[in-house]
Amino acid sequence: MKEQTFRIIIYVFIISILLCLFYFFFGGQILNDAKARQIEKGMSDMALPADMELVEVSSYVGNTSGTGNHIEIWAGILIRTDLDEDTVRGYFDGFTVLAVPNDLKYLDYIQFQTLNENDTANGYYVVGKYYDAFTQMDLRGH
């Protein structure tokens, strides 16, 4: 009986260590990616004016500033419209509105497949925002 109890304690200890290691290496990434997908879904359901077309939704999880050990989520939508830039900015209060391609020069983490395939980007805008990560236990932030 004593030997069986000792064996159970050892197994629980080993499993606990393995679960902690799994969470450290993969758990934070999985949880942060799940939050990014949830934010993307919310952005794709965002009501847009009739003269704006939702082209694509994208997100990035990682260290966007390049300094410090932290992780954050950037999520955004790519829209197409014939409206001028000031009108577009007026629709999206609280979001960063970037005109394509001029404002995207220094933001390497913004990836939209449509922009990679399209030679002319006139009338395209990226509307995005930074969000807190679910957890800072994510190796992509270090």
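Keep in mind that this is a model prediction, so the values were computed, not measured.

Calculation criteria
Residues numbered from 1 in each chain as written. Predicted model: local features only at pLDDT ≥ 70, side-chain atom pairs only at ≥ 80, totals over all residues. Heavy atoms only, no water. Helix = DSSP H or I, 4+ residues; strand = E, 2+ residues; numbered from the N terminus. Buried < 20%, exposed > 50% of the residue type's maximum accessible area, 1.4 Å probe, protein only. Areas by Shrake-Rupley, 256 points an atom, 1.4 Å probe, with all protein chains shown as cover. Pairing = 2+ DSSP bridges. Axes fitted to C-alpha atoms, helices over the stretch in contact; angles between N-to-C directions. Contact = heavy atoms within 4.5 Å. Core = buried A, V, L, I, M, F, W, Y, C linked by side-chain atoms within 4.5 Å. Salt bridge = Lys/Arg side-chain N within 4 Å of Asp/Glu carboxyl O.

> Quick question: what am I supposed to make of the overall build of the protein here?
From N to C terminus, the protein includes 3 helices and 4 strands. Moving toward the C terminus, one meets the helices and strands of the protein in the order α-β-β-α-β-α-β. Within the protein, the fraction of its 142 residues that count as buried is 32%. Working note: accessible area of the protein is about 9200 Å², and carbon and sulfur atoms make up 57% of it.

> Help me understand the sheet that holds strand S2 (residues 72-81), please; the structure alone is not making it clear to me.
As a general point, the strands of a sheet are linked pairwise by backbone hydrogen bonds and lie either parallel or antiparallel. One open sheet accounts for 4 strands, arranged S1-S2-S4-S3; its pairing is antiparallel. At either margin of the open sheet sits one strand with a lone partner, and together these are strand S1 (52-62) and strand S3 (96-99). Between one strand and the next, the sheet's axes are offset by a mean angle of 25°, whatever the strand orientation. Alignment of S3 against strand S4 (residues 124-132), held across 4 bridges, turns out to be antiparallel. Residue pairing in the sheet places Val97 in a bridge with Val127 of S4. Sitting on the sheet, helix H1 (residues 2-44) touches S1, S2 and S4, and the angle it makes with S1 is about 165°.

> Before we go on, may I ask you to explain the nonpolar core in this structure?
Nonpolar side chains in soluble globular proteins tend to be buried together. Counting 17 residues, the largest nonpolar core has Ile79, Val88, Phe92, Val97, Tyr125 and Val127 as the members making the most contacts within it. Mapped by element, the contributors of at least two residues to this core are H1, S1, S2, S3 and S4. When residues of this core are assigned to their parent elements, the largest contribution, 4 residues, is made by S2. Listed in part, the 9 residues of the second largest apolar core include Trp74, Leu98, Tyr109 and Ile110.

> Is there a simple way to think about the pattern of salt bridges in this case?
Two side chains carrying opposite charge are able to pair once their charged atoms lie near each other. Taken as a whole and judged by the stated rule, the model has 4 salt bridges. Between Asp45 and Lys41 there is a salt bridge, and its shortest N-O distance comes to 3.3 Å. Residue Asp45 shares its accessibility class with Lys41, and that shared class is exposed. Its salt-bridge partner being Arg80, residue Asp82 comes within 3.6 Å of it at the nearest N-O pair. Look at Asp82 and you get exposed, because its relative accessible area is 72%.

> Just to check I follow, could you spell out the pairing of S2 for this structure?
A regular strand places its side chains so that they alternate between the two faces of the sheet. Within S2, 9 of the 10 residues are buried, leaving the element largely enclosed by the surrounding structure. Relative to S2, S1 is paired through 10 bridges, and the arrangement is antiparallel. Across the sheet, Gly62 pairs through a bridge with Glu72, a residue of S2.

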